[in-house]
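Results of the structural survey
For reference, the chains in residue letters:
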Amino acid sequence: MIESIASALDWLGIVVFATTGALAASRKQMDVVGFALLATATGIGGGTLRDMMLGLLPVFWVSRPEYLIVCITVACVMFFVAHIPQSRLRWLLWLDAIGLALFAVTGAERAMAAGAAASVAVAMGVVTATFGGIIRDVMAGETPVILSREVYVTAALVAAFVYVALMLTGASRSLAMVSGFTAGFALRAVSLYWGWSLPRYKARPPGGLPPA
Amino acid sequence: MIESIASALDWLGIVVFATTGALAASRKQMDVVGFALLATATGIGGGTLRDMMLGLLPVFWVSRPEYLIVCITVACVMFFVAHIPQSRLRWLLWLDAIGLALFAVTGAERAMAAGAAASVAVAMGVVTATFGGIIRDVMAGETPVILSREVYVTAALVAAFVYVALMLTGASRSLAMVSGFTAGFALRAVSLYWGWSLPRYKARPPGGLPPA
Amino acid sequence: MIESIASALDWLGIVVFATTGALAASRKQMDVVGFALLATATGIGGGTLRDMMLGLLPVFWVSRPEYLIVCITVACVMFFVAHIPQSRLRWLLWLDAIGLALFAVTGAERAMAAGAAASVAVAMGVVTATFGGIIRDVMAGETPVILSREVYVTAALVAAFVYVALMLTGASRSLAMVSGFTAGFALRAVSLYWGWSLPRYKARPPGGLPPA
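Chains are numbered independently. Their residues run from 1 in the order of the written sequence. Here the convention is simple: chains get letters from A, ligands get numbers from 1, in the order in which they are written. Side-chain atom pairs in this predicted model are given and counted only at pLDDT of 80 or more, local residue features only at pLDDT of at least 70, and totals for whole chains, interfaces and linings cover all residues.

All right, on to the packing of helix α6 (residues 118-140) of chain A against helix α7 (residues 153-168) of chain A then. Residues and elements named next belong to chain A. Here α6 crosses α7 at 145°, and the two axes come no closer than 8 Å. As α6 runs across α7, the sense of the crossing is right-handed. When α6 is examined against α7, the residues Ala118, Ala121, Val122, Gly125, Val126, Ala129 and Thr130 are found in contact with a partner set consisting of Val153, Ala156, Leu157, Ala159, Ala160, Phe161, Val164 and Leu168. Nonpolar residues are Ala, Val, Leu, Ile, Met, Phe, Trp, Tyr, Cys and Pro. Charged residues are Asp, Glu, Lys and Arg, and all others, Gly as well, are polar. Residues that form the contact of α6 with α7 fall into these classes: 13 nonpolar, 2 polar and no charged. Here the axes come from fitting lines to C-alpha atoms, over the contacting stretch only for helices, and the angles between their N-to-C directions go from 0 to 180 degrees. Helix and strand labels come from DSSP, where a helix needs a run of H or I of at least four residues and a strand needs a run of E of at least two; each type is numbered from the N terminus. If you view the pair so one helix is near and one far, a crossing is left-handed when the near helix is turned anticlockwise from the far one by less than a right angle, and right-handed when it is turned clockwise. Residue pairs are scored as contacts if the distance between their C-beta atoms, which are placed from the backbone, is within 7 Å.

Next comes the structure, spelled out in structure tokens:
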């Protein structure tokens, strides 16, 4: 039961991230193959980097081509209907928040299954959740999402951290997944709803005596 | 015979892509080591990413240093003669088209030899042919080539697709290679010659009733 | 003895590169998690790419989480004191030069230990020393450091080359490390002190007869 829910949400995450890649392609007025390239890179890029660093090779989508096919299908659909979600950007951001929180949890899970330490598993969750978007922005020549003012990377960090912490304390896998996902999604949701963000670095005058 | 032709064309592809990397370095007025870095990253970057994702490690050039040496040699030569091909940009684009079509075929072939499914092999062909140029543009701070108006990624896709499709239908390896290369090169050539491109996404007004 | 000095300098290199990542985050006014992401990517990014290409998987920090912890600690400290090193940028550049020369040597060493040929080991030293900074600049949306006017990649190349050349001629490992580090650091130091750089490519008129 938890397996099939996790699997369904994993696919939802891929679809959502692929959609954001296709939307970036639409902003750049690319052709349908450009849509497919950006959608695929965004949908599976974070997990690909995670698998390469963990040595889980070949990476997950090589033995399961349905991941590629889903991303390409999303790209083809979006090529014709991209104007619809663009006018519903708010709605897409909420779906993206689901994908972010879910990939953080499943990324950390895959790292723990490969025997990684707790801190490494959290880092792998963050990589899985965020690098798809980073790759998308670099390939599309856009400002990297991690520079945005809203809570983004932090939500992924919280989701992965809560999942790993609960697993270490002996909680059931389903409780850990649900809690991690909920914590990360809630944080991102609060940030989206109220425009909330963490305190940012502010430039200060250099050290030494203050100006007289 | 087919082996030695394929090998010769593979080397030609490396030389051509390394040349485009060196030209990017010349546009940025880098020193000769910068030329070498960009030429090498462009010449072997796509194949490196492909090998890492497939788990064919260490990547191909680690056990065959001649790949590095060729790229560095190209960089050193171009440092002194870059003004010549720049004035013959048209001629270079045609060589680049050869490299693109060839890498798409050899990339797909290497993935099939590693046991990848057909769709994955096509994707690996596209990665091999295009990511060298993407890495070059990111490192040189230039607009990514995949955003260009001409057919580029699509030509790589067609070359890899034709190769894989013919291999699946039992065609000889030499026929599949020649056909895939020819299809991809011809498509790119047509696009270069007539400035032809695929239909692009056009922004439309959001869903709902059209304005009165 | 040489082991513990090499290890101490390796940690110093990580701290210094993580510091430059955190400084990039401060220039972009990111939150503390952004500081941690950029500091970590800069501190361990070059070695991660090296390990992935060599097939030394999982990459070095997966089995040794203290690397992550050091980078994150640096990020947290810098979040509160970034205004101090910013006013002492000159001082930081010298530390960075230490990290660059050291990573070039240790990167080449790790490649040789994995059985790579001499030219490949030099290339891996350059990758280890420079790609952390390249990844930092791409993620922060800044102009890539390799385009800077000063000697940078060349210093890494010289450090790795001297180390590998001495190892091949049968010199002791400690002599090779010290010589490689000194050569690379000295070159970078000279460049920083006198603003010295290699001759750069200069655009010339296209081939053919000169204008009358």
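Structure shown, so let's carry the discussion forward.
Counting residues at the interface gives 28 residues for chain A, matched by 28 residues for chain B. When residues of the side of chain A that touches chain B are traced back to their parent elements, those giving at least two are α1 (2-27), α2 (32-54), α3 (66-81), α4 (83-86) and α6 of chain A. A total of 6 residues in the side of chain A that touches chain B trace back to one element, the largest contributor, which is α2 of chain A. In terms of residue class, the side of chain A that touches chain B is made up of 18 nonpolar, 8 polar and 2 charged.

It is worth spelling out α3 of chain A at this point. Given 3.6 residues per helical turn, the α-helix brings residues three or four places apart onto the same face. Residues and elements named next belong to chain A. Given a rise of 1.5 Å per residue, 16 residues ought to cover 22 Å, and the 22 Å separating the end C-alpha atoms of α3 matches this to within 8%. Comment: burial labels come from other C-beta atoms within 10 Å of the residue's own C-beta, placed from the backbone, where a count of 20 or more is buried, 12 or fewer is exposed, and between is partly exposed. Taken as a whole, α3 has its buried residues at Tyr67, Leu68, Cys71, Ile72, Val74, Ala75, Met78 and Phe79. Down the axis, α3 shows its buried residues gathered within 155° of arc, on one side only. Any helix carries an expected span of 1.5 Å times its number of residues minus one. The directions from the helix axis to the C-beta atoms form the arc being described.

Mapping chain C onto chain A calls for a screw motion: a turn of 120° about the axis and a shift of 0.0 Å along it, with 0.0 Å RMSD after fitting. The two molecules are tied by a three-fold rotation axis, judged by turn and shift. Among all residues of chain C, the one whose C-alpha sits closest to the rotation axis is Met52 of chain C, at a distance of 3.9 Å. A share of only 7% of the interface residues of chain C reappears at the interface of chain A, consistent with the copies meeting through non-equivalent patches. Superposition of the copies used a least-squares fit over C-alpha atoms from residues whose pLDDT is at least 70 in both.

Of note, Ala116 of chain C is situated in the loop between α5 (89-113) and α6 (118-140). Residue classification places Ala116 of chain C among the buried positions, given that 22 C-beta atoms sit within 10 Å. Setting aside its immediate chain neighbours within four residues, Ala116 of chain C contacts Val62 of chain B together with Leu54, Ala111, Ala121 and Met124 of chain C.

Quick look at the interface of chain C and chain A now. With 28 residues of chain C in contact, the opposing surface of chain A contributes 28 residues. Mapped onto the side of chain C that touches chain A, the elements with two or more residues apiece are α1 (2-27), α2 (32-54), α3 (66-81), α4 (83-86) and α6 of chain C. The biggest single contributor to the side of chain C that touches chain A is α2 of chain C, with 6 residues. Along the lines of polarity and charge, the residues of the side of chain C that touches chain A split into 18 nonpolar, 8 polar and 2 charged.

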